[in-house]
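Tertiary structure, described
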Amino acid sequence: MPSLTRDQILRTAIRIADDDGPDAVTLRRIGAVLGVHVTSLYNHVPTREAITDGIVETLLVDAKLPVHLVPWEEWARGFLAAIATIATTHPGAFHALRQRPVQGPRATASFEVALAAFAQAGLGPADAYAAVKTIALLAVGVGLERSQAARGDVLETRLDELPADGFPLVRAVASATGPEASWTFAEETMIAGLRAKIAGG
């Protein structure tokens, strides 16, 4: 049998998460799928947290985020699009992004580029970090909704429980718009706000 690799283990974990949900990812389950004893995994991923960190790293590296300096808006739009793609193509594994912060140089490389892009645009270190954090928070929040939609697990307000005369606006809005419009609005509003922040110095 070929030597077991960390990449092989992590991609197995991603498949398990996508097929059966993030809670199904355990060292024992990964070992069973790969046909090895669980102790064979410990040199590569000694803990559940190491698996989660590795899933995040693999997803971000596969997304091919910029690792060389680009303008801040190009980075922001590219990051938002990449996270959206991860959410729809890996709806189960995506949840790892909300469980652990990025770890290691490969997963963190694009965030270094983002900080440099905002610094080049004129933001100080604290504001540059806040800008990147804001983009990441929005991307993950929207991504969670996208991943739920991809799995057919969309949570919605029970409009039939709201009297029409007391909630006419909620009922009208909920029936007239889909989630994509709200996701786009949120992203464009954030970009506009960052433009204003940078222009204002």
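Residues numbered from 1 in each chain as written. Predicted model: local features only at pLDDT ≥ 70, side-chain atom pairs only at ≥ 80, totals over all residues. Heavy atoms only, no water.

**A closer look at the overall build of the protein**
Put simply, the test is: Helix and strand definitions follow DSSP, with helices as H or I runs of at least four residues and strands as E runs of at least two, each counted in order from the N terminus. For every residue, the accessible area obtained with a 1.4 Å probe (protein chains only) is divided by the maximum for its type, and the residue is called buried under 20%, exposed over 50%, and partly exposed between those limits. In what follows, a contact means two residues having at least one pair of non-hydrogen atoms within 4.5 Å. Here, Shrake-Rupley sampling with a 1.4 Å probe gives the accessible areas, and only protein chains in the shown set may cover a residue. All tallies of charge rest on Lys and Arg as positive and Asp and Glu as negative; His and the ends of each chain are not included. By convention, charge coordinates are those of NZ in Lys, CZ in Arg, CG in Asp, or CD in Glu.
Assigned secondary structure in the protein consists of 8 helices and 0 strands. The order of helices and strands in the protein, counted from the N terminus, is α-α-α-α-α-α-α-α. Each principal axis of the C-alpha atoms in the protein carries an extent, and together these give about 65 × 50 × 20 Å. Evaluated residue by residue, the protein yields a buried proportion of 38% over its 201 residues. Taking as baseline every contact in the protein between residues at least 6 positions apart, the subset at least 24 positions apart corresponds to 72%. Surface accessibility of the protein: about 11,200 Å² in total, with carbon and sulfur atoms responsible for 57%. Here the protein contributes 18 positive and 22 negative side-chain charges, whose respective centroids are spaced 5 Å apart.

**Here we look at unusual backbone geometry**
Here K64, not a glycine, exhibits a phi torsion of approximately 55°, which is positive. Topologically, K64 is positioned in the loop between helix 3 (48-62) and helix 4 (72-89). Look at K64 and you get exposed, because its relative accessible area is 71%.

**Considerations on the packing of aromatic side chains**
Here is the rule: Any Phe, Tyr or Trp ring, taking Trp's six-membered ring, that has another such ring centre within 6.5 Å forms a pair; planes under 30 degrees apart are called stacked, those over 60 apart edge-to-face, and the others tilted.
Overall, the coordinates contain 4 aromatic pairs when judged by the stated rule. Taken together, the aromatic side chains of W75, F79 and F111 make up a single cluster linked through ring pairs.

**A look at the environment of R6**
Our working definition: Whenever a nitrogen or oxygen atom comes within 3.5 Å of another N or O atom, the pair is scored as a polar contact, on the condition that within protein one atom can donate a hydrogen and the other can accept it, and that pairs from neighbouring residues in sequence are kept only if both atoms are in side chains.
Considering the arrangement of structural elements, one finds R6 in helix 1 (residues 6-20). Separated by 37 residues in sequence, R6 and N43 place their C-alpha atoms 8.8 Å apart. Residues within four places of R6 in sequence aside, it is in contact with H44, G54 and E57. In terms of polar contacts, R6 uses its side chain to reach the side chain of E57, at 3.2 Å.

**Notes on the nonpolar core**
We apply this condition: Among buried residues, the Ala, Val, Leu, Ile, Met, Phe, Trp, Tyr and Cys ones that are joined through side-chain atoms within 4.5 Å form a nonpolar core.
In terms of nonpolar packing, the biggest core is built from 57 residues, with I30, L41, L60, W75, F79, F118 and I135 touching the most fellow members. Elements that contribute at least two residues to this core include exactly helix 1, helix 2 (27-34), helix 3, helix 4, helix 5 (105-120), helix 6 (125-150) and helix 8 (179-200). If one sorts the elements of this core by residue count, helix 4 sits on top with 9 residues. In contact with L60, other than residues within four places in its own chain, are L65, I83, I86, L97, V102, A107 and F111.

**Let's talk about the packing of helix 4 against helix 8**
Note the following rule: Every axis corresponds to a line fitted to the C-alpha atoms, with the helix fit spanning only the stretch in contact, and the corresponding angles, defined between N-to-C directions, vary from 0 to 180 degrees. The scheme is simple: roughly parallel for angles under 35 degrees, roughly antiparallel for over 145, roughly perpendicular for 65 to 115, oblique for anything else. Should the near helix be turned counterclockwise from the far one by less than a right angle, the crossing is left-handed, whereas a clockwise turn marks it as right-handed.
It is the contact of helix 4 with helix 8, at a shortest axis distance of 11 Å, that shows an interaxial angle of 160°. When the interaxial angle is binned, helix 4 and helix 8 end up roughly antiparallel. Handedness of the helix 4/helix 8 crossing: right-handed. Facing helix 4, whose interface residues are W72, E73, A76, R77 and L80, helix 8 presents E187, E188, M190, I191, L194, R195 and I198.

**Looking at the environment of R48**
Structurally, R48 is set in helix 3. Discounting residues that sit within four places of it in the chain, R48 has contacts with P22 and V25. Looking at R48, its side chain comes within polar contact range of the main-chain oxygen of P22, at 3.3 Å.

Taken by themselves, the reported measurements are silent on function.
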